Structure formats: C-alpha cells, structure tokens
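The primary structure of each chain is shown beneath.
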Amino acid sequence: MRILVCISHVPDTTSKINFVEGDTKFDTNGVQYIINPNDEFGLTRAMWFKEKNGATVDVINVGGPETETTLRKTLAIGADAAIRINTAALEASQVAKEIANVVQQGNYDLIIAGRESIDYNGGMVPGMIAALCDMSYVNNCVGLEIVGDKATAIREIDGGKETVSATLPLIVGGQKGLVEESDLKIPNMRGIMMARKKPLNVLEPQGSGTSSNTLNFEKPAPKGEVKLVSPENIDQLIDLLHNEAKVI
Amino acid sequence: MSILVYTETDQGKFKKGAFEVASYGKAVADQIGCDVFAVSFNANSPESLGTYGVSKVLNTSYEGSFDAKLFADAIKQAALQVGAKVVIVSSSADSRFLSPLLAISLDAGYATNVVALPSNLSPFTVKRAVFTNKAFSYTEITSDVKLIGVSNNAFGLVENSVACSVEAFDVSFSAPGVQVESVDKASDKVTIADADVVVSGGRGLKGPENWHMIEDLAQVLGAATACSKPVSDMGWRPHSEHVGQTGKPVASNLYIAIGVSGAIQHLAGINSSKVKVVINSDPEAPFFKAADYGIVGDAFEVVPTLIEKLKAFKADA
Ligand SMILES: Cc1cc2nc3c(=O)[nH]c(=O)nc-3n(C[C@H](O)[C@H](O)[C@H](O)COP(=O)(O)OP(=O)(O)OC[C@H]3O[C@@H](n4cnc5c(N)ncnc54)[C@H](O)[C@@H]3O)c2cc1C
Ligand SMILES: Nc1ncnc2c1ncn2[C@@H]1O[C@H](COP(=O)(O)O)[C@@H](O)[C@H]1O
C-alpha cells in the first residue's frame, strides 16, 4: 500500500497574528512553524498503517524552501520520503492541482490530508484533490481501517457520526480521532539521524493558476472590558443577559 | 444571471442554515440586481424559502442518504440550469464536504468562512475569517462563477418575502462516492453547529462525574454542550465536543465557559461567538480578557444557583 500524507506548514498555535506591508502580508517575524495539527493526526495514522499493513509513506508539501524543516520533522517521525513542490502556496485550488498531479503519477492507494489548515482554514484541499483525481473522498474523518482494498471510515457529522465504506484509492480529510492525542509521535534522536539520509525531492510546479487571491488582512476590533458580576448576585447576570445583551 | 443557494434539509425540514444562506443570497442579489434560486433535496415545504427572498426552488426527490459527490453533481446541474454566477452554501459539515467538489466541477473560486456581504462586486471581494478567527482577510474571487461558504450565524435570518414557485427538479444522479453503512446521531440533542447558546466546561470541573452541571445548565437554556481540548483528550467528554483552534469553531449568540482558563487556542475557536460569559475561580484567568461578562467564583457554588435562578426566570417568561 502506498500512502501520501499532505503536510501543511503553519504558524504555531500560540503565534501572535500580525500583518506587514500595509496589512497585505502575514508577519512571520518570530513565528515558529509546525505541522498542521490535523495533518499530524493523519501522519501518525499513516505510521500505524506502515507498521500493521507494511505501507510506504510519502509526505508532500507545496511551498518554498522554508517548509523543509517541517518536512524533515515528518521524516524523523517515520515517513519514508518527502516531496516539496517548489512554489508558494497561494490558494487551495492551486495547491490541490499541484498535489493532484503527483497523486496521478504516484499510484497512491490512500491520500491523507487534514480537515483544514489552521492558517487559511479553507477546508478545501483534500476535496479538490478528490474531484481532480475522481477518487472516493471522506471528510472530517475520525477513524480509518483498511483491509485489502476496502476502507472503512468514520466521518463526524453535525450531531453524530457516520460509518462509510469505500474501495481504494481513497482520500480523507482527517482530524483528531484518526489517532488519539496521546498516540501522536514525536521525533526521537534515532529518527532525527535517519531523517538526514531520507530523500526530500524537490519538484518544480506545473504552474497551476489561481481563482482567488488575498487583497489584505484585518485584525478583529479590540474588545471592551469584561463586566464582572458578584457570585452573590446571579440575578444581575440573568438581567444583563436578558436586557442588555438580549441573548436569553 | 442569477444566484443559487443550496438549502439543506434534515429529514425534509430546512435547517436553520438554509434560511441563513437564503437571507444572505437575497442580500447579494439585491446588491447585484438579480433573482435568488434555491436547490434542495426532498424539502417538505420548499415554498417557505420565499419568506427569505427565494423566488424559485428546484426541489429534487432523492431517497438515499447524503453523498457528497452525488449532491455536488446535482447542485452543479442546478447551477448550470439557472445560469448561476454566484453559488452560496452554509458551513455545515455536509456543505463543507461537498463544496470543494462543486468548486472544481464548476471551475469556481471558493471562499469559506465568509462573515459579511461582499465588500465589493468588481473585483468580487469577500471578507473571511482566517487564522482560526484571529484575523480576517479580504479575498478577491477571480473566476467567472463564485462559490461562497457563509460562516454559521454570521449573517443571521432576514425575512424578505417574495413570491416563490417550486419546480420539481429532474437530476441525472451520478453514482455515490462512498457507501454509508450506519449513522449514529442523537436526534434530541442540539448540535454545536446549530446552537444559539453553547455551554462549555473545562478542566476546572475536576472530572466527568461533575458534567451534570453543564448538562443541566444547557438543558435550561436549550443549549449545546462543549468542552476544552484536555477534557476530550482525557476522555471525560467525546471529541465531537472539543472546541477551539484544533476542534470545532463556535459561532453562537451566547457562549458560557465554566472552569475554562481561556488559552489562546481555545479562544480562537470561540471568537466569533457574539456574547461570552466566563465563570472561573481565578480572577487572573485569561478568559476574563476575552469575555463580555464574568463571575469570579467557584463553579460548584455558582452553577447550581445559576441553574435554579434560570429555571425560575424561564418559568416567569
Ligand atoms: C497545538 C495545540 C492545539 C490546541 N488546541 C486547543 C483547542 O482547540 N481547544 C482548547 O480548548 N485547547 C486547545 N489547546 C490546549 C490549550 O493550550 C489549553 O491547554 C486548554 O485549553 C486548557 O483547558 P482548560 O481551560 O480546560 O484547562 P486549564 O487550563 O487547566 O484551566 C482550568 C481552569 O479552571 C479554573 N478552575 C479550577 N477550579 C475551578 C472551580 N472550582 N470553579 C471555577 N473555575 C475553576 C482554573 O482557574 C483554570 O482557569 C491546544 C494546545 C496546543 C499545544
Ligand atoms: N501547501 C500545502 N501543501 C501540502 N498540503 C497542503 C497545503 N495546504 C493544505 N494542504 C493540505 O490540505 C489540508 C486542508 O487545507 P486547507 O484546504 O488549506 O484548509 C491540510 O490539512 C493539508 O493536509
């Protein structure tokens, strides 16, 4: 079984979000980058298939050279090879088209991406790859089992869960639940040493076009002071919520 | 030229999000000067969309379960039939599932998490929440057909009655993408996505055995229940209740956080809730900087009193 895990390289969850150049660019100053949390769950699930089903696991990122530290980390966690498509990720359809091209040439059985990236929050890339490659697709995937060429996946729906089955090749948009938080793998020394020898192939983009672009960013308006209510005076809270905020 | 909204149903009944996308679609149509059409599957009373400004509903009968590929294909056919230049969907799990497929098949630029009406029609520009609600971006959609995913509760329901006709829509259905084996859904519980009020508990509640307080409070308010990430990681509550940057976003009218410290990753997910209340014993908890109303106090004392007083308030109302 050949697995491809899509890795988005995103600012650490504690990052302060600021903009520069007239609010047109994200301020990367002092920002630490991490594997997109949803992708980390997918990568760990892929490692599980590697152990249990003898799968080979490639990872892919569309981005500039700055994403290689993140790709090396996935190799240290246990991926076999990394691919970087050497172009700035501008928007979802461009990224999806570049990845779809690799998927079509790579004979993959399973593609694992994240439900969404925590920077652009598009939630689009895996679905778009599925449409471009005409593959089965399950989003919000919180459980995945594979036997032979049959996959059983659990999808989170509004208010519950749904179990679906599909024949490989399959692409999933994954999240926490694919594995538990406590199962997430962190690179150890041996992994880090081995990662240095693993291939990180840089491919040139096909030059996919875009259908949207960001003009500028804006930060939310600063918040006013909190109104404190005494624990002895809960009636006041109910009154405020009813008459002032008008939410109950 | 027209606008098409995809109005989702649950067992034949329109979801709240259906009325919201209809309301939003009508407002965009008024900006442009065109009509709003809707496409729905098995809606019981499609004409009710007229209340929110839809002038024609293409209603399809389809007996099977939801399938993203099949639904996306049917919506595409509707968009082509009415010559839609703007297609509008909600942010429900199903709509977010099918929309990337629809975007590719319509060759449409797709913007998700849209929080306001287009700020400009030419170039067509929308405001969307990015960096998990820590910022907004103004995004220009350059394709001929545009697909917009409206963020839950961002626009609200706006009544705007027009005459509404219903047309049985004959779709040539494609094969489903996957096979649904089983669905496990609590029909009596309010979901975080649909809820007007969300009551959330954190590690401050000490253990799952104390969650009856959260559930009772939610019950009185008709609210959905939620929790912080460690609470779901420890298995006190299901993962589906975890809200925040790596969990579900919450965009309710009222969010009540009890024993939640207010870490940056938690706040990111609830930023777009309109009114936030915090109950925490530590006056230094970061949540107090993000909340509108707060009580510094012990949840085990405050919450039971709050439940009793709310019951009395609801009984009087
Ligand atoms: C990559 C990453 C992603 C993350 N994503 C998320 C996310 O999506 N969502 C999320 O929630 N977190 C997320 N976190 C975790 C986050 O950083 C915090 O650890 C978490 O939100 C804290 O949960 P908590 O507030 O329940 O617990 P704590 O921080 O332990 O806070 C408990 C609070 O309860 C109060 N308290 C204690 N006793 C009482 C009492 N008797 N009455 C009232 N109050 C009491 C305390 O004063 C304290 O403020 C993420 C972390 C990382 C590293
Ligand atoms: N530049 C990228 N390179 C590789 N994978 C990506 C990239 N951007 C997004 N993805 C994948 O697509 C998922 C959803 O991203 P998005 O559509 O941006 O929310 C992410 O979790 C990744 O798995």
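Note that the structure is predicted; figures quoted are calculated from it, not measured.

## What to know about helix α8 (residues 299-316) of chain B
The periodicity of an α-helix, 3.6 residues per turn, causes residues three or four places apart in sequence to face the same way. Along its 18 residues, α8(B) runs 25 Å from first to last C-alpha, staying within 8% of the 26 Å computed at 1.5 Å per residue. What α8(B) keeps buried is the set A299(B), V302(B), V303(B), L306(B), I307(B), L310(B) and F313(B). Taken around the axis of α8(B), the buried residues stretch over an arc of 135 degrees, which confines them to a single face. Projecting away from the buried face of α8(B) at angles above 90 degrees are the exposed residues E301(B), A315(B) and D316(B). On the buried face of α8(B), the contacting elements are α6 (234-244) of chain A together with α4 (212-221), β16 (254-258), β17 (275-280) and β18 (293-296) of chain B. Its side-chain oxygen 2.9 Å from the backbone nitrogen of F300(B), D298(B) forms the N-cap of α8(B).

## As for a nonpolar patch on the surface
Residue and element names in this part refer to chain A. A cluster of nonpolar side chains, contributed by M189, I192 and M193, occupies part of the molecular surface with about 290 Å² of accessible area. By the secondary structure assignment, M189 is in helix α5 (residues 189-195). Among the residues examined, M189 registers a relative accessible area of 58% and is labelled exposed.

## Looking at the pattern of salt bridges
Per the stated rule, a full pass over the model turns up 26 salt bridges over all chains. In this structure, E21(A) and K25(A) form a salt bridge, with 3.6 Å as the shortest nitrogen-oxygen distance. Overall, E21(A) belongs to the exposed group, its relative accessible area being 57%. Under the relative-accessibility criterion, K25(A) is labelled partly exposed at 44%. Taking the shortest distance from any N to any O, the salt bridge between E68(A) and R84(A) comes out at 2.9 Å. Of this pair, E68(A) sits in helix α2 (residues 68-77) while R84(A) sits in strand β7 (residues 81-85); the two residues are 16 residues apart in sequence, bridging distant segments of the chain. Salt bridges sharing partners connect three or more residues here, namely K176(A), E181(A), K229(B) and D233(B).

## Some thoughts on the interface of chain B and chain A
Taken together, the contact pairs 81 residues of chain B with 72 residues of chain A. For the pair chain B and chain A, the summed buried area comes to about 6,600 Å², and 60% of that belongs to carbon and sulfur atoms. Looking only at chain B, the three residues that lose the most surface to chain A are F97(B), F131(B) and Y293(B), adding up to 12% of its buried area. Counting every contact that joins chain B to chain A gives 7 salt bridges. For D235(A), the salt bridge identified is with K309(B), shortest N-O distance 3.3 Å. Across the contact surface, chain B and chain A share 40 residue pairs in polar contact (both at pLDDT 80 or more). Among the elements that make up the side of chain B that touches chain A, the one with the highest residue count is helix α3 (residues 93-106) of chain B (8 residues). Across the side of chain B that touches chain A, the residue classes break down as 38 nonpolar, 26 polar and 17 charged.

## A look at the site of ligand 2
All names here are of chain A. Around ligand 2, the surrounding shell holds 21 residues, and the nearest of these are D39, V62, S117, G123 and M124. Residue N36 places a side-chain N or O atom 3.0 Å away from an oxygen atom belonging to ligand 2. Contact between ligand 2 and G123: an oxygen atom at 2.7 Å from a main-chain N or O atom of the residue. If ligand 2 stood free it would expose 480 Å²; the protein chains cover 94% of that surface. Element by element, the count of residues in the shell around ligand 2 is highest for strand β6 (residues 56-62), at 3 residues. Here the shell around ligand 2 is composed, by residue class, of 11 nonpolar, 8 polar and 2 charged.

## A closer look at the side chain of S136(A)
Counting through the fold element by element, S136(A) comes out in strand β9 (residues 136-147). Here S136(A) falls in the buried class, since its relative accessible area comes to 15%. A polar atom in the side chain of S136(A) sits 3.3 Å from the backbone oxygen of G177(B).

## Overview of the environment of T9(B)
Residues and elements named next belong to chain B. With respect to the helices, strands and loops of the structure, T9 is situated in strand β2 (residues 9-10). In this view, T9 contacts F14, K15, F41 and A43; residues no more than four positions away in its chain are not counted. Polar contacts involving the side chain of T9 include one to the main-chain carbonyl oxygen of F41, which spans 2.9 Å.

## Overview of the domain arrangement of chain B
All names here are of chain B. Its domain assignment divides chain B into domain 1 (2-168) and domain 2 (197-316). Each partner contributes to the interface: domain 1 provides 5 residues, whereas domain 2 provides 10 residues. Interface area, domain 1 with domain 2, both sides summed: about 630 Å², of which 38% is carbon and sulfur. Between the two partners, domain 1 and domain 2, sit 0 salt bridges. The interface formed by domain 1 and domain 2 contains 5 residue pairs in polar contact (both at pLDDT 80 or more).

## Some words on the environment of G222(B)
The topology assignment puts G222(B) in the loop between α4 and β15 (224-227). Remark: the alpha-carbon pair of G222(B) and D196(B), spanning 26 residues in sequence, is separated by 8.3 Å.

Reading the values: rules and limits
- Residues numbered from 1 in each chain as written.
- Chains lettered and ligands numbered in written order.
- Predicted model: local features only at pLDDT ≥ 70, side-chain atom pairs only at ≥ 80, totals over all residues.
- Heavy atoms only, no water.
- Helix = DSSP H or I, 4+ residues; strand = E, 2+ residues; numbered from the N terminus.
- Expected span 1.5 Å × (residues − 1).
- Buried < 20%, exposed > 50% of the residue type's maximum accessible area, 1.4 Å probe, protein only.
- Arc of directions from axis to C-beta.
- Contact = heavy atoms within 4.5 Å.
- Polar contact = N/O pair within 3.5 Å; in protein donor to acceptor, adjacent residues only side chain to side chain.
- Patch = residues over 30% accessible without salt bridge, like charges linked within 9 Å, V, L, I, M, F, W, Y side chains within 5 Å.
- Areas by Shrake-Rupley, 256 points an atom, 1.4 Å probe, with all protein chains shown as cover.
- Salt bridge = Lys/Arg side-chain N within 4 Å of Asp/Glu carboxyl O.
- Buried area = accessible area lost by both parts, 1.4 Å probe.
- Nonpolar A, V, L, I, M, F, W, Y, C, P; charged D, E, K, R; others polar.
- Near = heavy atom within 4 Å.
- Domains from an automatic or database assignment.

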